[in-house]
Amino acid sequence: MKIFLKSILNFVLNPFLSRLKNKNLESLDKSIILNAKKLINSQKNLSGTINEYEFSAFSQWGEDGIINFLIQNLDIKSKNFIEFGVENYLESNTRFLLINRNWSGLIMDMDKKNIFEIKNHYYYWRHDLKAVTAKITAENINDLLEKNGFKKPIGLLSIDIDGNDFWVWKNLDILDPDIVVIEYNYRFGSEKSLTIPYNPNFSRKMAHSSMVYYGASLKALVKLAEKKGMKLVATNLAGNNAFFVKEKLLNNIVKEAKISECFREGKFREARDSKGQLLYISKEEEIKIFQEMEVEEV
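Residues numbered from 1 in each chain as written. Predicted model: local features only at pLDDT ≥ 70, side-chain atom pairs only at ≥ 80, totals over all residues. Heavy atoms only, no water.

> Provide a residue-level description of helix 11 (residues 283–290), including the pertinent values.
Burial in helix 11 covers these residues: E286, I287, I289 and F290. Angularly, the buried residues of helix 11 cover 155 degrees about the axis, an arc narrow enough to put them on a single face. Those residues of helix 11 that are exposed and angled more than 90 degrees off the buried face are E284 and K288. (Buried < 20%, exposed > 50% of the residue type's maximum accessible area, 1.4 Å probe, protein only. Helix = DSSP H or I, 4+ residues; strand = E, 2+ residues; numbered from the N terminus. Arc of directions from axis to C-beta.)

> Any chance you could break down the pairing of strand 2 (residues 104–109) for me, citing the residues and the numbers?
Summarising burial for strand 2: 5 of the 6 residues are buried, a large majority. Bridge count for strand 1 (residues 80–84) against strand 2 is 5 bridges, and the pairing is parallel. Within strand 2, the position partnered with F84 by the bridge is M108. Crossover handedness for the path strand 1 to helix 3 (residues 95–100) to strand 2: right-handed. Note that strand 2 and strand 3 (residues 129–133) share 5 bridges and pair parallel. Note on strand 3: the bridge partner recorded for D109 is T133. (Pairing = 2+ DSSP bridges. Right-handed = clockwise from strand over helix to strand, strands pointing away.)

> Quick rundown of the sheet that holds strand 5 (residues 177–183)? Include the residues and the values.
On the basis of which strands lie adjacent, the open sheet formed by 7 strands has the order 3-2-1-4-5-8-7 and mixed pairing. On the outer flanks of this sheet lie strand 3 and strand 7 (230–235), each paired with one strand and no other. When the angles between neighbouring strand axes are averaged without regard to direction, this sheet yields 15 degrees. Here helix 2 (residues 63–73) sits on the sheet in contact with strand 4 (154–159), strand 5, strand 7 and strand 8 (241–246), set at roughly 10 degrees to strand 8. (Axes fitted to C-alpha atoms, helices over the stretch in contact; angles between N-to-C directions. Contact = heavy atoms within 4.5 Å.)

In short, shape yes, function no, at least from these values alone.
Given below as structure tokens:
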């Protein structure tokens, strides 16, 4: 009887709680967007570096501000985006674009629970957004995008899969993005062009319990970008994301930046113990762990 009553209560209450959660999220989002717009208006008289325009509405760090600055100062025709590695999309590089500028987009994550949660949020029906469950590899990325109706050109591509980022971008040839946002791992340093060796089944957690072993160096990404006709224009102040723009779109406001000008060591600590708990060790100790791992020059 208890199990039966619990089932009845769940049947009655779950839709109500879901609507309430969505209503609260929508109200919070409106407040976030309004405050972000006020901040953008206050930035109009700034004339410094791109990083002065950083702010976070839905991004983890200052990516929303940098992306907004680039879009305001570049001639971008295609108002669409692709982002993969979004988790539940509450913290992402494209949600501000979706809600504030009404761009269309495709987002992908390998966890079905995350995609289910996204599809049950208010913004999913209100905007032109497609969410897909997919484990992304260098071999399947082009087929995945074509299957879901996304081909070149595209306004913005954001890559953050905590592993094979370099290899996936290298193999991705079905798109022609104006802007690419991609994570770099500062622990590789600024001098060498390095990445983790390619493994389609790479798992950051399984590769090393510390979870500091993943991705590629900034220099490796810069070299790859240049082969794709793109130039480095900025990194975020947190020291984990690089921003590339199609070379022909550069102008007297958005200019090419050198690695020596914008390489930053991460300000965050993310090393974990074997139980998954944060260690709060220094970045020097994180780098020491990292230096024992296998890397590949590219």
